[in-house]
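Given next are the chains, with one letter for each unit.
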Amino acid sequence: MKRYALEELKNWKNSANRKPLLLFGARQVGKTWLVRDFAEANYDSYIELNFFSDDKLQKIFNKDISVEYIISQLELHFNKKINPSRTLIFFDEIQESQRAMDSLKSFNDSQIGKEYNIIAAGSFLGVMLGRRPVGQTDQITLYPMSFCEFLEALGKEMLANMINRFDTAAASGTAELLETLLKQYYYVGGMPAAVSEYAASGDLTKVRVIQNELISSYKSDFSKHINDPRTEPKIRMLWDSISLHLVKENKKFIYRNIKSGGRAAEFENALQWLVDTKLVYKINKVETPKLPLKMHYKEIIFKIYMLDIGLLGAQAEITPADILAAGSDIVDDMNGALAEQFVCQELKTAKISPLFYWGREGSTAEIDFLIQGNNEIIPIEVKSSKHTKAQSLKVYMHDNNPKHAIRTSLKNYGITKNLYSIPLYMISQGIKELIK
């Protein structure tokens, strides 16, 4: 399956100032597959080190992390000559070896080391106990597959190309088909294993089995990769509560909704663990929308979205009929939770950040997302259907007079003064077009 992050890896390879690359991302989003695919297409040879499954590698790095020593030992270990410019070296599950992580600095600091192509990945880099040589590495985050990647996996390349070109005229002629495919994506989501199964069999029952297995594997990780065992039950409670928070009219995350008397001090470490492992997205509130947004958000007021829309549906036990059956109202009945999750996920995948949301103090007026670009703040109002009346957006525009505002729904593309109507399935491309 084609992953658009391949272009990011190609840009990294061709960069004149290339450093060892840290590839972040939650478990099972396809990091290892992506690197292997990249290596096959761009290098003559490839060496993969898995620090979780190969104990002998730990001994190499524990003895010496100089570039010359590591390369010589890896050549002996794999019985393969390493060409600095033609061999990709992949440190997988690097969080299992602090010494391997430290060696990335050696590769970046020495002139000889800079010649080598090094990628390191791990599902728990964000919660790694030791040091991470952030200044000595380049970094990329891989997210679940986007809607366009999903379309390409289903053999709908022309539709994906049309969306990526932001061809709004052509999209209006295929709107009904795109809405159907969007609903399929709402159910399947972007986890590669689920998408691969759906592309191969079209069997949504098998897709749900995979999604439930992924959720179970994440829960088993809670006990394996935390420092304090007392944190595990709190992580589980937080994880299980995400769908309940998102279906509420006010999606603000409230700790006491997890358990009676719940407080931030009790759960904030557990929440940070989920954020650091990329299993959830935390979107903070801004009451006074001024640039830069990072200087004006409320640390203690936020919403939480799940890693993937398909996993959200599995956690909420949404059935195929709930989403795909004609006349089903569940998308609207869930207070737009699926549409908001979709938009959040698309913006994250497209690297449109930082993301915040707006709410007026002492009022119910709320805008789903705020982004910044071209020295302006752009509000994004999300609607799950073609019914787009939204008092909150009117309030925001009256109070703040934005240069551009976006309403995304199932309506076709259109512009009224400074309000841009962008179809949900084109949201990230529409934003990029607006701020390019």
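Per chain, residue numbering runs from 1 following the sequence as it is written. Note on the predicted model: pLDDT of at least 70 is required for a residue's local features to be given, and 80 or more for side-chain atom pairs to be given and counted; whole-chain, interface and lining totals, by contrast, use all residues. Side-chain numbers come from the whole structure's heavy atoms, not from hydrogens or water.

Thoughts on the nonpolar core
Note on terminology: a nonpolar core comprises buried Ala, Val, Leu, Ile, Met, Phe, Trp, Tyr and Cys residues joined through side-chain atoms within 4.5 Å. Relative accessibility decides the category of a residue: with a 1.4 Å probe and only protein chains considered, values under 20% of the type maximum give buried, values over 50% give exposed, and everything between is partly exposed. Grouped together as the largest cluster of nonpolar side chains are 110 residues, with contacts concentrated most on I119, F147, W239 and F342. Labels follow the DSSP assignment, with helices taken as runs of H or I lasting at least four residues and strands as runs of E lasting at least two, numbered in each case from the N terminus. At eight residues, the largest contribution of residues to this core is made by helix α10 (residues 175–188). Residues within four places of I119 in sequence aside, it is in contact with L9, W12, L21, L23, V35, F38, L88, I89, F90 and F91. The next biggest cluster of nonpolar side chains, apart from the first, holds 26 residues, and it includes L49, I82, M101 and F107. Whether two residues touch is decided by their heavy atoms; if any such pair falls within 4.5 Å, the residues are in contact.

Details of the pattern of salt bridges
Whenever Lys or Arg places a side-chain nitrogen within 4 Å of a carboxyl oxygen from Asp or Glu, that contact is recorded as a salt bridge. For the structure shown, the criterion picks out 19 salt bridges. Linking E287 and K285 is a salt bridge whose minimum nitrogen-to-oxygen distance equals 3.6 Å. Taking the relative accessible area as the measure of exposure, E287 reaches 18% and is therefore buried. Via salt bridges that share partners, K285, E287 and K298 belong to a single interconnected network.

Let's talk about the sheet that holds strand β12 (residues 414–416)
Strand pairing within a sheet occurs via backbone hydrogen bonds; the two strands may be parallel or antiparallel. Strand pairing is defined by DSSP finding a minimum of two bridges between the two strands. Strand order in the open sheet made by the eight strands is β7-β6-β8-β9-β10-β11-β13-β12, with mixed pairing throughout. Each edge of the open sheet is held by one strand with a lone partner, namely β7 (297–306) and β12. Looking at each pair of strands side by side, their axes are set apart by 30 degrees on average, direction ignored. Sheet topology places β12 next to strand β13 (residues 419–423); three bridges connect them, and they run antiparallel. Directly across from G414, in β13, lies its bridge partner S421. Every axis in this analysis is a line fitted to C-alpha atoms, fitted for helices over the stretch in contact. Angles between the N-to-C directions lie between 0 and 180 degrees. Lying over the sheet, helix α18 (residues 337–349) contacts β6 (280–286), β7, β9 (366–373), β10 (376–382) and β11 (405–409), oriented at roughly 100 degrees with respect to β7. Strands in contact with helix α20 (residues 427–435) are β9, β10, β11 and β13; relative to β13, the strand with the most contacts, it is inclined by about 145 degrees.

A few points about the packing of aromatic side chains
Note on aromatic pairs: the rings of Phe, Tyr and Trp (six-membered ring only in Trp) are paired at centre separations within 6.5 Å, and the planes decide the class, stacked below 30 degrees, edge-to-face beyond 60, tilted for the rest. Counted under the stated rule, the structure contains 23 aromatic pairs. Geometrically, the ring pair formed by Y186 and F342 is tilted, given 5.8 Å between the ring centres and 55 degrees between the ring planes. One end of the pair, Y186, is in helix α10; the other, F342, is in helix α18, with 156 residues separating them in the sequence. For the pair shown, Y186 and F342 are each scored as buried. By the ring-pair criterion, three or more aromatic residues cluster together here, those being F147, F150, Y185, Y186, Y198 and F342.

A few points about helix α5 (residues 98–109)
An α-helical segment advances 3.6 residues per turn. Residues three or four places apart therefore align on the same side. Taking 1.5 Å of rise per residue, the 12 residues of α5 would be expected to cover 16 Å, and the 17 Å separating its terminal C-alpha atoms lies within 8% of that figure. Looking at α5, one finds that the buried residues are A100, M101, D102, S103, L104, F107 and N108. To estimate the expected span of a helix, subtract one from its residue number and multiply by 1.5 Å.

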